Amino acid sequence: MSEKYGVVFVLGGPGAGKGTQCVRIEKEFGFLHLSAGDLLREERQKKDSKIGNEIEMHIRNGTIVPVEITCSLLHRAMKESSNQNFLIDGFPRNKDNLDGWNREMSALTEIKRVLFFNCSDSVCIQRCLNRGKTSGRSDDNEESLKKRINTYRESTLPVIEHYCNLELVSEIQADKTQEDVWAEVKGIFEKICS
Ligand code: UP5
Ligand code: MG
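Reference entry: report on the structure contained in this document. (Residues numbered from 1 in each chain as written. Chains lettered and ligands numbered in written order. Predicted model: local features only at pLDDT ≥ 70, side-chain atom pairs only at ≥ 80, totals over all residues. Heavy atoms only, no water.)

Describing the packing of aromatic side chains
Each aromatic ring pair is summarised here by two numbers: the centre-to-centre distance and the angle between the ring planes. Considering all chains together, one arrives at 8 aromatic pairs under this definition. Each ring, one from Phe29 and one from Trp182, has its centre 6.5 Å from the other, and the planes form 55°; the classification is tilted. Taken together, the positions of Phe29 in helix α1 (residues 18-29) and Trp182 in helix α8 (residues 178-193) put the pair 153 residues apart, joining distant regions of the chain. When its relative accessible area of 9% is taken as the criterion, Trp182 is described as buried. Three or more aromatic residues link up through ring pairs in this structure, and these residues are Phe9, Phe91, Trp101 and Tyr163. (Phe/Tyr/Trp six-rings, centres within 6.5 Å; stacked < 30°, edge-to-face > 60°. Helix = DSSP H or I, 4+ residues; strand = E, 2+ residues; numbered from the N terminus. Buried < 20%, exposed > 50% of the residue type's maximum accessible area, 1.4 Å probe, protein only.)

What follows is the structure in structure tokens.
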């Protein structure tokens, strides 16, 4: 008998605090944190330079990598872990991602919830620029950030809207301190796990 994987998607603008809160959720509730962006950055480093260059081009331009690449990285990470429940951070970001996920993964997974970190553009940009002083990320600069925010508004908000219509979304006010955001997130997760 094989049980479906439990999945919580974590969405929100660049720098909204998705990764920071996922680390805390993983520690407290045991959902394995898979950041689609981190998996892509890792894959970019590998020797197949054609795919690596394609990923880098998308990251720098704030555009979205084709779903075949991202979905197979996520699926591989899920299969390689012994976990049953996953936090998928930063995915699905557009209709191509959503359709690809539904095609490849819907039979294997149950979407338990979608967390939406709602944060103003100005706070998002400031956080990423601060992080950019030390992160080494090729997209933590003003030019890339403008593009990332545009992509988020044009492509990711409609995905969140889609899950809203399915009554799967929990919205979190993410402009607050890390502790205040965590209090909200923790309350939501206690319900998911009850
Ligand atoms: N910070 C966090 N919370 C704070 C708080 N409450 N108060 C003050 N500071 C706070 O946080 C960002 C910074 O803010 C950190 O310095 C943190 O300490 C501080 P973080 O938790 O990292 O925010 P997060 O929302 O995870 O921001 P991130 O930059 O990772 O979001 P993105 O969604 O832009 O980045 P991601 O890595 O997911 O994607 C990058 C690119 O990869 C995309 O633009 C795209 O090109 C590509 N991509 C795809 O193509 N497909 C995918 O499926 C995924 C990514
Ligand atoms: Mg992140």
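From this point on, the discussion continues.
Some details on the packing of helix α6 (residues 121-135) against helix α7 (residues 142-165)
Contact geometry of α6 with α7 gives a least axis separation of 11 Å together with a crossing angle of 140°. Relative to α7, the element α6 is oriented oblique. With respect to the hand of their crossing, α6 and α7 are arranged in right-handed fashion. Two secondary-structure elements touch here, α6 through Asp121, Cys124, Ile125, Cys128, Leu129 and Arg131 and α7 through Glu142, Leu145, Arg148, Ile149 and Arg153. Split into classes, the residues belonging to the contact of α6 with α7 amount to 6 nonpolar, no polar and 5 charged. (Axes fitted to C-alpha atoms, helices over the stretch in contact; angles between N-to-C directions. Parallel < 35°, antiparallel > 145°, perpendicular 65-115°, else oblique. Left-handed = near helix turned anticlockwise from the far one by under 90°. Contact = heavy atoms within 4.5 Å. Nonpolar A, V, L, I, M, F, W, Y, C, P; charged D, E, K, R; others polar.)

Let's talk about the sheet that holds strand β5 (residues 169-173)
Strand pairs in the sheet, formed through backbone hydrogen bonds, run parallel or antiparallel to each other. Taken together, the 5 strands give an open sheet; going across it, the order is β2-β3-β1-β4-β5, and neighbouring strands pair in parallel fashion. Every other strand in the sheet has two partners, leaving β2 (32-35) and β5 as the edge strands with one partner each. On average, each strand axis in the sheet is inclined to that of its neighbour by 25°, with strand direction left out of account. Pairing of strand β1 (residues 5-12) with strand β4 (residues 109-118), which is carried by 8 bridges, proceeds in the parallel orientation. Within the sheet, the bridge partner assigned to Gly12 lies in β4 and is Phe117. Relative to the sheet, helix α5 (residues 95-105) contacts β1, β3 (85-89) and β4, its axis offset from that of β4 by approximately 160°. On the sheet, α8 packs against β1, β3, β4 and β5 and is oriented at approximately 160° with respect to β5. (Pairing = 2+ DSSP bridges.)

Brief notes about the nonpolar core
Judged by nonpolar contacts, the single largest core of 32 residues is most densely connected at Phe9, Met78, Ile88, Phe91, Trp101 and Tyr163. No other element matches helix α4 (residues 67-80), which puts 7 residues into this core. Non-local contacts of Phe9, meaning those with residues more than four positions away in its chain, are made with Ile88, Phe91, Pro92, Trp101, Ile111, Arg113, Val114, Leu115 and Tyr163. (Core = buried A, V, L, I, M, F, W, Y, C linked by side-chain atoms within 4.5 Å.)

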